[in-house]
Amino acid sequence: MKNTITILTLLISAFTFSQTVSQDTTSTKNQQQNAAQNILNGTASKGITVGGYAQIDYNQPEGANGKMDVHRMVMLLGYKFNDKVQFVTEIEYEHVKEVYIEQAFLNYSLNDNVNIRGGLMLVPMGIVNEYHEPTTYNGVERPNVDKSIVPSTWREIGVGVTGKFNDANLRYQAYVFNGFTSLNGTKALGGSNGLRNGRQKGAESTINTPNLSAKVDYYGLPGLRLGLSGYFGRTQAEDDVDMIDGSDVGISMFGLDARYINKRFSARGQYIHALISDATAYNNLNSANLGSELKGWYAEAAYNLLPLSNTQKLDAFVRYEMYDTHAATQDAGITRNLGYNRNEWTTGLSYHVAPGAVVKADYQIFDNDAIGNESKGQLNFGLGVWF
C-alpha cells in the first residue's frame, strides 16, 4: 500500500505541476512516438519505409569482469499499400547471434480515429514495452521493472483496434492476444523473472485461451501524458495437459504510468501490479515458485544541462525503482524469497549528440531484502541510435 501511495503521489504532483508552469514545446502527443508510429504516420503516399535502432553496451560490475555487447540491432521495414493499408515489421538481432521478429502486423485505417490491426504486436503495458528505442529512455539498460514485471519486450500474436478521440485528448488500444505459455520447454514461470519465461514471441505459439489487453493514454495537458493499462486472461497449456489441475494460471495485470516534459526538465513514473490465480496448483505440478502477486514501480527525473536552442541535449538523471516477483506468496503455496524484493538507484548522463544518436553513462546500486545481502554497484557505458 505504501508503494501504491508513493507512485500515486508522483503522478498527482506531475499533474498539478503541469498546470502551473509554462510550456513552449509541442504537445506530448506529438513528441512521444515509437518506431512503428513513425512508420505509420509517415508522409509517403505509397512504398517502402526503412529505419532501425541499435544499442551497444559496456557493463562493469564491482569485483568482476566487465561485459561488452552489441545488445540489439533492429531493422525497421514498412510498406504502405495505399492510404488505408500498411504493414510494419521489426527484425531484431540480439547479442549478435540471436534473431527475433519483434513486430509484424497489418494496419487498416477505417478513418482518422480508428485502425484495425492484426499480427505480432507489442502488448501495451507501461512505458518501455512500447517505447523501447535507446534514444527514448535514460540509462544504458532499461529499467528492471520493465524486465522482471512487465516483461519487456513483450509481444504476442493477436488482433485489435487502436485510435484516438481528439476531442477528449485520448488515445486507445484494445487487443485479443494469445497468452503466456505455461511451460516454455523445461522453463516454468516464477522466480526472479516472474512471467518472463512464458513469452511466446510469435514463434509457433500455442493458444487455448484468448487474453485481453487494453490501454488508454490521456494527453490533454501540455507536456504530460498519463497511461492506464490492463491485461487479463490465462496462460496457455499444451493439449495433453490442459485438463490437469495446475496446468495454467490466471493473470490480471494493471499499469499506471506518467511522462512529463517542460523545457529542460523531464520526469516519468510507472507502477505495475499483477495478480496470479491458481498459483498453488501450478507450483505443485511444475515444482515452480511463482508468486501470487508481482509488483514494481519507479520514479525518474532528468534535467537538460545544455541550452534549449542547442540541437544537442545533455540530460542528467536519477531513477529509483522497486520491484518484487514474490510480493505475495501466501496464496501460492510457497515460501517467500526476500531476495526477489529488489530496489535500485541509477544516476548518470544521456548525451544526445544529434537527434537520434545518444551516448550514455550511469552508475547503478542494486540491493534486495535477503538476509545478509550486501548492495552491489555497476558502472555502465553505452551508445544508441534510432533513425
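Given the structure is predicted, the values throughout are model-derived calculations rather than measurements.

Moving on to the packing of aromatic side chains. Within this structure, the stated rule accounts for 11 aromatic pairs. Ring centres 5.0 Å apart and planes at 25° place the aromatic pair Phe165 and Tyr172 in the stacked group. The exposure class of Tyr172 is buried, given its relative accessible area of 14%. Look at Tyr260 and Phe265: their rings are 6.5 Å apart centre to centre, the planes differ by 55°, and that puts the pair in the tilted class. The exposure class assigned to Phe265 is partly exposed, which follows from its relative accessible area of 29%. Each residue in the set Trp154, Phe180 and Tyr231 is aromatic and connected to the rest through ring pairs, giving one cluster. Directly above the aromatic system of Tyr131 lies the positively charged group of Arg259, at a separation of 4.4 Å from the ring centroid. The ring centre of Tyr137 lies 4.0 Å from the NZ or CZ of Lys360, which sits over that ring.

Here the focus is the nonpolar core. Counting residues in hydrophobic clusters, the biggest one holds 41 residues, and the most contacted among them are Trp154, Leu195, Tyr231, Met253 and Ile276. Of all the secondary-structure elements, those providing two or more residues to this core are α3 (35–40), β2 (67–80), β7 (170–177), β12 (250–262), β13 (265–277), α5 (279–286) and β14 (293–304). When residues of this core are assigned to their parent elements, the largest contribution, four residues, is made by α3. When residues no more than four places from it in sequence are discounted, the contact partners of Leu195 are Ser148, Pro151, Phe180, Leu189, Ile251, Met253, Ile276, Leu290 and Leu294.

The next subject is the pattern of salt bridges. A full pass over the atoms with the stated rule returns 12 salt bridges. The closest approach of N and O atoms between Asp257 and Lys215, which form a salt bridge, is 3.1 Å. Here Asp257 is found in strand β12, whereas its partner Lys215 is found in strand β10 (residues 211–218), with 42 residues between them in sequence. You'll find Asp257 and Lys215 in the same group, each marked buried. It is possible to trace a salt-bridge network through shared partners that takes in Glu130, Arg171, Lys215, Asp217 and Asp257.

A cluster of nonpolar side chains, Tyr108, Leu110, Ile116, Val159, Val176, Leu212, Phe232, Phe254 and Leu275, forms an exposed patch at the surface whose accessible area comes to about 750 Å². Following the sequence through the fold, Phe232 ends up in strand β11 (residues 224–234). Among the residues examined, Phe232 registers a relative accessible area of 34% and is labelled partly exposed.

Conventions we followed
Residues numbered from 1 in each chain as written. Predicted model: local features only at pLDDT ≥ 70, side-chain atom pairs only at ≥ 80, totals over all residues. Heavy atoms only, no water. Phe/Tyr/Trp six-rings, centres within 6.5 Å; stacked < 30°, edge-to-face > 60°. Buried < 20%, exposed > 50% of the residue type's maximum accessible area, 1.4 Å probe, protein only. Lys NZ or Arg CZ within 6 Å of the ring centre and 35° of its normal. Core = buried A, V, L, I, M, F, W, Y, C linked by side-chain atoms within 4.5 Å. Helix = DSSP H or I, 4+ residues; strand = E, 2+ residues; numbered from the N terminus. Contact = heavy atoms within 4.5 Å. Salt bridge = Lys/Arg side-chain N within 4 Å of Asp/Glu carboxyl O. Patch = residues over 30% accessible without salt bridge, like charges linked within 9 Å, V, L, I, M, F, W, Y side chains within 5 Å. Areas by Shrake-Rupley, 256 points an atom, 1.4 Å probe, with all protein chains shown as cover.

That's the geometry; what it means functionally is another story.
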